[in-house]
Amino acid sequence: MKIILGIRAGLVASASLIGLVALPAFAQTAQADEDTGIAEIVVTAQRTAQSLQDVPIAVTAFDAGALQRQQINNPLDIQLTLPNVTFTKGNFTGSSFTIRGIGDLCVGVTCDSATAIHAEGMPLFATRLFEAEFFDLERVEVLRGPQGTLFGRNATGGVVNFVNAKPRMDAIHAAGEIEYGNFDSLRLKGMFNLPITDNLAVRVAGTYLKRDGYSTNVFNNTRIDGRDLYAIRGSIRWEPTENTTVDAMAYYFREQDNRNRNQKQLCQTDPTGVLGCLPGRRDNGFINANTTFVGTLTSREFLTTQGGAGFGALALGSLYGTDPYNYAGHTNPANVREIRTDYTPKYFAEEEQYMLRVQHDFGSIKAQVTGMYQRNAVDSSVDYNQSVFNPAVARAAITNLRAISAAIPGLTNVANAISSGAQFCTSQPVENGLGAYGGFRDCSATPQDFDRSNQIVRGKTVEAIVSSEFDGKFNFLIGGIYVNTVLPENSYYVNSWGIDYVTGILGAANGGYLGTPFFRNNTARYSLKSYGIFGEAYYNLTDNLKVTAGLRYNNDEKAVSARSTLASFFVPFSTTGNVFNSPAAAGFDGDPNRAGIQPFSNREVSQNAVTGRFVLDWKITEDNLLYASYSRGYKSGGINPPLQPIFAVPDTFTPEFVDAFEIGSKNSFLDGKLRANVTAFYYKYKGLQLSRITARTSVNDNVDANVYGLEGEFILSPTRNLLINLNASYLYTKVASDKFLANPRDPSGGRSDAVIIKDISNGSNCAVVPTTAGNAAGANGFVAQANTLINAGAIPGLQAGAGLRAPSAFPTDSGLNGATGAFSFCGVLQALSPTVGAAFGGVKMLPEGVLTNLRGNQLPQAPTYKFSAGVQYTFPIGDSMNLIPRVDLAHTGESFGNIFNGSINRVPSFTVINAQIQFNGPDDKFYVRGFVQNLTNNSAVTGLYVTDQSSGLFTNIFTLEPRRYGVAAGFRF
């Protein structure tokens, strides 16, 4: 029996778009074929109702029933059953949905999404996909490959489109579900549909989720990483005439809890302190904090160079001794669900969407106009180092400040700002930049280290589409879209009691501190104005051979105003209102890459492109379709943020283009008992956008890449009650051209003759290499001699007595190829390399380290193999009841967490098993379900992030959710 989804032309994005929903991994909500358990889904396609098996594109669709049966509650679940699709959360409140190796590899406010997220066919911007919980959906569609000639915004990787259930005029309908599970999890879902008149109906739906945290904080034996959220959606459908439909929708989501954005931190502790964490392994260790911004600038060695031995007495420790945070006295639990922190995460997210759509059927021509307004916000704060700063070190430092305040009176102000009685006070991450020195502080029993990531986005979108339904061989679709998006605030803060301490003592002698007393990378404003004109033409060459040709013109204008501050200028203690009220702020240059003094870095880019696609599909028989397509995808470039300290990176990154070739076959065999869809594809990327961390900031580069792969989706139903689905995919990705970048984890670039330098003035790394390869003795000798000159006070601006040492070896299991390391000043080494370096055979100082060629490396988040299988059997009970057990297994092959590859960045393969059993009452009016997700309690890594060198190069990993189990009961009528 065929199922007509009842979608009007243009409901999603256009009349044609709906025809692009292909074979579902498992989608059955209505009655199946009389002889098999496979339901044939038919959608209102380009001209007529069209089976998904007749659509020449690789798309997977999940209807509401499939989402429930396969336990797909959120995007993390949906990726398990899709070929060549992965999903992981990221470090800065974002996430990455990767399709065929292409995802959100670009990080920053000016980046477009490679995988476009749509609601009702309308593009969403910075949507809170990471937090989303699915409810009252009609369908979820995942389109693989470049899009643009049907969807309003370009996407090089693909599109994920969420289609909500619509109001119905036929009768009152309602549904509800209550679910309870482990972690004291309570989930509620509900829907109510009310016809007002014969042509007017309203629908209200909502969800609520509250559960305890998945992780244990062993510091105080509490649960963290919990959820507390709700969402509500209201819809109105009005049909003033039989040919006109008006849809209005309003959606609101809110979450406020202790969700932990940085789930677990791993580190192979570097005993030298030059790197903080070694690149050999991901151990359950802590960074050596001597390597951090705080560790270097509060060291006896650095402070001595700034003010002599007396000033060195203010140090928290020595670069060659126990790190100032004294992490060595603690352990990092081996269990991925346990961390040790004295800071409770804070998580807030909010999203609003308002949409109005008018559709009219003129007969052979259909038209629709849609407007949408959206706003979302996120504000997250976590323990940056996932550890506990030793309070004894801080207490001794405050006592020392007060003891010598007679010599430097300003030290009393410092002590008063960063302490209160027996408590330690840390600057709040406030926009005015004053922090603890302006009274904006939080005090606690231990010194704090935390970050804060916050953002607000507002967007307006208008789209119009006209499509034809002629009786002849030719049809068309044409559309246009305009987008205006504004980001009025985006900041990333790193706050630390140690930063407050060092910014205070460096400015105290002059009656102030260095501002800001925390790191803040701030985008004060970002705007995107974009419009596109797109369309497709369809021509039937014969009764079973059709050609589709589409074109798109896109224009994007981006403007951004941003700056980065950390101990950037002097601020008198008396400064109020804003840190930039300091007289010295007039000399702060927010854009060092341009001549003159500017408070912000202001950049604009404007780009346009023409793209399109061509498809030839041949209906060989009623049960067999063969198609071939070519499409060109485009994703606009953007603007890199200002860096601190300054490195030579481009101000902008260029657009991304992809030429995509695809061939596929969709088939039905064994009298409809077997459906087999197979796709092969080849992508050639030009300017693929990739992110890396440099100078405490995410910057983006462009590389060329080749991608190819295979996908297979199969459904087998040998009997009416037995249903088996299988998916499998193979993916090959590689960087296809020369691209030379320094690997932050290993600034030596694998060279045994390199000396890795920790710059004690800012916490970054550089490298010294000999002019003649292999002359390791020369490079080591030069650094030793340079440090001797620094110690002797022979370098202008640096006082004698620092006690810097010659290079030393890293541990044999460090993952480094024999390179050595040392503490020094990269700027001094650069200045001395032409003269002093000559005596050692010639040397070069490389500011970012040794450049390595990325050619041949695998793209991140691109597992070579994926496989999933599901089986269910329906046991009839009487005439109108049944019992349905189901088991799903999904295997994801290994991949890499970033473009530098290597064993330390490897994401191992993992397998997930879900199972459930559901009893459906008479005529499906009620049901009871028992379920388990992640049956084996697999804690596999789904993605990772490597921090900046001034933070110690630790690795944050993101994993699967733990085993969840419970029961649910619901009704529907």
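The paragraphs below set out a description of the structure included in this document. These figures come from a predicted structure and were not determined experimentally. (Residues numbered from 1 in each chain as written. Predicted model: local features only at pLDDT ≥ 70, side-chain atom pairs only at ≥ 80, totals over all residues. Heavy atoms only, no water.)

A word on empty space enclosed by the protein
Then, in step 1: Of the pockets and cavities examined, the second largest cavity occupies roughly 310 Å³.
Then, in step 2: Along the walls of the second largest cavity sit 21 residues, with A132, F162, R233, Y251 and Q353 positioned nearest its centre.
Then, in step 3: Elements that contribute at least two residues to the lining of the second largest cavity include exactly β7 (115-119), β10 (158-164), β16 (227-241), β17 (244-257) and β22 (346-361).
Then, in step 4: If you tally residues by element for the lining of the second largest cavity, the top one is β17, at 3 residues.
Then, in step 5: Looking at the lining of the second largest cavity, its residues break down into 13 nonpolar, 3 polar and 5 charged. (1 Å grid on protein atoms, 1.4 Å probe; cavity = no way out; pocket = protein on both sides within 12 Å on 5 of 7 lines; lining within 4 Å. Points joined across faces, edges and corners; volume = space filled by probe spheres on them. Helix = DSSP H or I, 4+ residues; strand = E, 2+ residues; numbered from the N terminus. Nonpolar A, V, L, I, M, F, W, Y, C, P; charged D, E, K, R; others polar.)

A look at the pairing of strand β25 (residues 423-427)
Then, in step 1: Here β25 lies mainly inside the structure; 4 of its 5 residues are buried.
Then, in step 2: As paired elements, strand β24 (residues 419-420) and β25 share 2 bridges and run antiparallel to each other. The residue of β25 that forms the bridge with S420 is Q423.
Then, in step 3: In sequence, β24 turns back onto β25 through a hairpin of 2 residues, with G421 there showing a positive phi of about 60 degrees.
Then, in step 4: As paired strands, β25 and strand β26 (residues 441-444) are joined by 4 bridges and run antiparallel to one another. Considered in β26, the bridge of C425 is made with C443. (Buried < 20%, exposed > 50% of the residue type's maximum accessible area, 1.4 Å probe, protein only. Pairing = 2+ DSSP bridges.)

Observations concerning the packing of aromatic side chains
Then, in step 1: For the structure shown, the criterion picks out 32 aromatic pairs.
Then, in step 2: Between F424 and W497 the ring centres are 6.3 Å apart and the planes differ by 85 degrees, which places this aromatic pair in the edge-to-face class. Within this pair, whereas F424 is found in strand β25, its partner W497 is found in helix α7 (residues 497-507), the two being separated by 73 residues in sequence. Assigned by exposure class, F424 and W497 land together as buried.
Then, in step 3: Its guanidinium or amino end placed over the ring of F580, R563 lies 3.7 Å from that ring's centre, counting from NZ or CZ.
Then, in step 4: In this structure, R805 packs its charged tip against the face of Y320, placed 4.0 Å from the ring centre. (Phe/Tyr/Trp six-rings, centres within 6.5 Å; stacked < 30°, edge-to-face > 60°. Lys NZ or Arg CZ within 6 Å of the ring centre and 35° of its normal.)

Examining the packing of helix α5 (residues 391-403) against α7
The description of two packed helices rests on the angle between their axes and on the distance between the axes.
Then, in step 1: The N-to-C vectors of α5 and α7 enclose an angle of 20 degrees; their axes lie 12 Å apart at closest approach. Between α5 and α7, the interaxial angle falls into the category roughly parallel. With respect to the hand of their crossing, α5 and α7 are arranged in left-handed fashion. For the pair α5 and α7, contact is made by A394, A397, I398 and L401 and by W497, Y501 and I505, respectively.
Then, in step 2: When grouped by side-chain class, the residues that make up the contact of α5 with α7 number 7 nonpolar, no polar and no charged. (Axes fitted to C-alpha atoms, helices over the stretch in contact; angles between N-to-C directions. Parallel < 35°, antiparallel > 145°, perpendicular 65-115°, else oblique. Left-handed = near helix turned anticlockwise from the far one by under 90°. Contact = heavy atoms within 4.5 Å.)

Regarding the sheet that holds strand β21 (residues 338-339)
Then, in step 1: With mixed pairing, 3 strands are arranged side by side in an open sheet as β15-β14-β21. Lying at the two open borders of the sheet, with one neighbouring strand each, are β15 (222-224) and β21.

Details of the pattern of salt bridges
Then, in step 1: Scanning the model with the defined rule gives 38 salt bridges in all.
Then, in step 2: When the shortest N-O distance is used, the salt bridge between R964 and D77 registers 3.9 Å. Within this pair, whereas R964 is found in strand β57 (residues 964-972), its partner D77 is found in helix α2 (residues 75-78), the two being separated by 887 residues in sequence.
Then, in step 3: We classify D77 as buried; its relative accessible area is 9%.
Then, in step 4: With its nearest N and O atoms 3.5 Å apart, the salt bridge here joins E961 to R964.
Then, in step 5: Bridged by salt links that share partners, the residues R100, R144, E662, E711 and E713 form one connected network. (Salt bridge = Lys/Arg side-chain N within 4 Å of Asp/Glu carboxyl O.)

Describing the sheet that holds β10
Then, in step 1: Pairing is mixed across the open sheet formed by 5 strands, whose spatial order is β4-β9-β10-β7-β8. Whereas interior strands pair on both sides, the edge strands pair on one side only; in this sheet they are β4 (59-63) and β8 (122-123).

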